[in-house]
Amino acid sequence: MLTILHVDMNAFYASCHQAQDPSLRGRPVIVAGDPKKRNGIVLTASYEARKFGVRTAMPLWEAKRLCPKAVFLKPDYRLYVEFSHWAMEILKKFTPLVEVFSIDEAWLDVEGCDGLFGDALTIAEKIQKSMMEELSLPCSVGVSCNKLLSKMASDMKKPMGITVITPDDVQKMLWPLPVEELYGVGPRMAKHLKKMNINTIGDLARIPAEFLQAAFGVVGLRLHRWANGIDDSPVDPHSADEAKSMGHSVTLPQDITTREEAEAVLLSLSEQVGRRVRCGGYVGKVVTVTLRDSSFVTVTRSATVPYTNLTEDIYRTAKKLLHSNWDGKTPLRLLGVSLSGLIKEFDQISLFAEDEKKKRLDRAVDEIRERFGDDAIFRASLSSRDLLGQKGSVALGPFLKRN
């Protein structure tokens, strides 16, 4: 039965700005880092900008060369979260079985909904219409019998496409595609597969499962099933109830070459991570630091700590990881901090009065920022720094992809 839909919002960040500001509609819009800073990249481009060859992850200077008349905007994550919430509420009008996959994607199981809204294809059309009429947001919808095929289908026609893939269509529609277009095959896996002369999804599907299992373990078996269009995972509306990790990262406007500068950035990141974790009512036990140098070599290191959501605990651990994995001289262009192993915060009486003071301090800072904005209060050690492009704390994009 074709009862699984995948809804993918088209050029979501750019579309949110166009929906908010009607004067931007029909114009090329590029969401990227500050055009005044070096080494910015395109986060997303409207379809009007894509006609000029602008693509996600393209260097900002190249996007400006290709489309000099584009409107360049900084990311506004609060705006995107608001539109995402409204979009998901629209989807829930059609079925309670909505699994949020990311800020701009979701699966729906519409089995049994035909009496109210029609068959799956009709529901897909109604979803597109509702998104445009209520939010002015375009979306593409994939219709199939499982989550994998519906997601593959939604990628095939953009913007505002509706694509149906049945099990009988897999060989004709999916097998000729490059192997990297299969959901779950990232750049690194694609490189390994191509070394084995597995270049298309069809090549992957025809390889014996035992061979792939020997080469890649459980992942190999899963990819073999997906290449054959097989996926029995249910649409789970509670999949996002428990966050697995929360983190922030920043590509710096200029390379960092001193420990003092790096520690200041880590402190700002740790404050934002701590605030998000506390607002969600979580505590976590694994602090992870990401370091990327000017040669794009990336190092990720983690340390386990007692469950916490205190900014100072996160920062202290992040700083130790920094010192043990960076020589203090190699230029750094990106820093990231995350807290994982999250569970809902439990009532715990601290044995140390100092911890209770830290908690009260963090809560007070959170409340001030909630009422008066992120820049209303910041640590004295950050008051004279502009490493991130502005003084005090800085709005950074959360990691949207689950770890």
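For clarity, every value in this text was computed on a predicted model and none was experimentally measured.

1. Considering the UniProt feature "site: Substrate discrimination" (unreviewed entry) in the protein chain
Logical step 1: Using the residue numbers shown here, the UniProt feature "site: Substrate discrimination" (unreviewed entry) corresponds to Tyr13.
Logical step 2: Structurally, Tyr13 can be placed in helix 1 (residues 12-20).

2. Some points on the UniProt feature "binding site: Mg(2+)" (unreviewed entry) in the protein chain
Logical step 1: In the numbering adopted here, UniProt assigns the feature "binding site: Mg(2+)" (unreviewed entry) to Asp8 and Asp104. With the annotated positions falling across 97 residues, the maximum pairwise C-alpha distance of 6.0 Å places them together in a single cluster.
Logical step 2: Position of Asp8 relative to the elements: it lies in strand 1 (residues 4-9).
Logical step 3: Non-local contacts of Asp8, meaning those with residues more than four positions away in its chain, are made with Asp104, Glu105, Cys139, Ser140, Ser154, Asp155 and Lys158.
Logical step 4: In this fold, Asp104 is placed in the loop between strand 5 (98-102) and strand 6 (105-109).
Logical step 5: The exposure class of Asp104 is buried, given its relative accessible area of 19%.
Logical step 6: Other than its neighbours up to four places away in sequence, Asp104 contacts Val7, Asp8, Met9 and Phe12.

3. As for the pattern of salt bridges
Logical step 1: Applying the stated criterion across every chain, the model contains twelve salt bridges.
Logical step 2: Salt-bridge contacts for Lys147 lead to Glu99; the nearest nitrogen and oxygen are separated by 2.9 Å. One end of the pair, Lys147, is in helix 7 (residues 147-154); the other, Glu99, is in strand 5, and 48 residues separate them in sequence. Each member of the pair, Lys147 as well as Glu99, is classed as buried.

4. Brief notes about the pairing of strand 5
Logical step 1: Summarising the sheet, strand 5 and strand 6 pair through four bridges and their orientation is antiparallel. Each residue of the ladder has a partner; that of Val100, found in strand 6, is Ala106.
Logical step 2: Connecting strand 5 to the next strand, strand 6, in antiparallel fashion are two residues.

5. Notes on the sheet that holds strand 4 (residues 71-73)
Logical step 1: Spatially, 3-2-4 is the arrangement adopted by the three strands of the open sheet, whose pairing is mixed. Lying at the two open borders of the sheet, with one neighbouring strand each, are strand 3 (42-45) and strand 4. Across the sheet, the axes of successive neighbouring strands diverge by a mean angle of 25°, strand direction being ignored.
Logical step 2: Sheet contacts for helix 1: strand 2 (29-32), strand 3 and strand 4; angle to strand 2, the most-contacted strand, approximately 120°.

6. Let's talk about the packing of aromatic side chains
Logical step 1: According to the stated counting rule, one finds eight aromatic pairs in the structure shown.
Logical step 2: Seen from their ring centres, Phe101 and Tyr183 are 6.1 Å apart, and the 70° between their planes marks the pair as edge-to-face. Taken together, the residues span a long stretch of sequence, with Phe101 in strand 5 and Tyr183 in the loop between helix 8 (170-174) and helix 9 (187-195) at a distance of 82 residues.
Logical step 3: By relative accessible area, Tyr183 is classed as partly exposed at 27%.
Logical step 4: One aromatic cluster is present, formed by Phe101, Trp107, Tyr183 and Trp226 through successive ring pairs.
Logical step 5: Between Arg50 and the ring centre of Tyr47, over which it is positioned, the NZ or CZ distance is 4.4 Å.

7. Here we look at unusual backbone geometry
Logical step 1: Geometrically, the link from Lys158 to Pro159 is a cis peptide bond, its omega value of -5° lying close to zero.
Logical step 2: Here Pro159 shows up in the loop between helix 7 and strand 8 (162-164).
Logical step 3: Positioned with a positive phi, Ala57 is a non-glycine residue whose angle comes to about 75°.
Logical step 4: In this fold, Ala57 is placed in the loop between helix 2 (47-50) and helix 3 (60-66).
Logical step 5: The residue Ser136 is not glycine, and still its phi comes out positive at about 60°.

8. Description of the packing of helix 1 against helix 4 (residues 77-92)
Logical step 1: Two elements in contact, helix 1 and helix 4, have axes separated by 10 Å at closest approach and are oriented at 85°. The angle between the axes of helix 1 and helix 4 places the two elements in the roughly perpendicular class. Each of Phe12, Tyr13, Cys16, His17, Ala19 and Gln20 in helix 1 lies in contact with helix 4, whose residues at this interface are Tyr77, Leu79, Tyr80, Phe83 and Ser84.
Logical step 2: Grouping the amino acids of the contact of helix 1 with helix 4 by side-chain chemistry returns eight nonpolar, three polar and no charged.

9. Notes on the packing of helix 4 against helix 6 (residues 120-135)
Logical step 1: For the pair helix 4 and helix 6, interaxial distance at closest approach is 10 Å and the crossing angle is 140°. Between helix 4 and helix 6, the crossing angle belongs to the class labelled oblique. Between helix 4 and helix 6 lies a crossing whose hand is right-handed. Touching Phe83, Trp86, Ala87, Ile90 and Leu91 of helix 4 are Ile127, Ser130, Met131, Glu134 and Leu135, all from helix 6.
Logical step 2: Looking at side-chain class alone, the contact of helix 4 with helix 6 contains eight nonpolar, one polar and one charged residues.

10. Here's the deal with the sheet that holds strand 5
Logical step 1: Strand order in the open sheet formed by five strands is 5-6-1-7-8, with mixed pairing between adjacent strands. Because the sheet does not close on itself, it has two edges, and the strands there are strand 5 and strand 8. Strand-to-strand, the axes of this sheet are offset by a mean angle of 20°, without reference to chain direction.
Logical step 2: Pairing geometry for strand 1 and strand 6, over five bridges, is antiparallel.

Rules behind the numbers
- Residues numbered from 1 in each chain as written.
- Predicted model: local features only at pLDDT ≥ 70, side-chain atom pairs only at ≥ 80, totals over all residues.
- Heavy atoms only, no water.
- UniProt positions renumbered as here; feature names shortened; annotations may be inferred.
- Helix = DSSP H or I, 4+ residues; strand = E, 2+ residues; numbered from the N terminus.
- Contact = heavy atoms within 4.5 Å.
- Buried < 20%, exposed > 50% of the residue type's maximum accessible area, 1.4 Å probe, protein only.
- Salt bridge = Lys/Arg side-chain N within 4 Å of Asp/Glu carboxyl O.
- Pairing = 2+ DSSP bridges.
- Axes fitted to C-alpha atoms, helices over the stretch in contact; angles between N-to-C directions.
- Phe/Tyr/Trp six-rings, centres within 6.5 Å; stacked < 30°, edge-to-face > 60°.
- Lys NZ or Arg CZ within 6 Å of the ring centre and 35° of its normal.
- Parallel < 35°, antiparallel > 145°, perpendicular 65-115°, else oblique.
- Nonpolar A, V, L, I, M, F, W, Y, C, P; charged D, E, K, R; others polar.
- Left-handed = near helix turned anticlockwise from the far one by under 90°.

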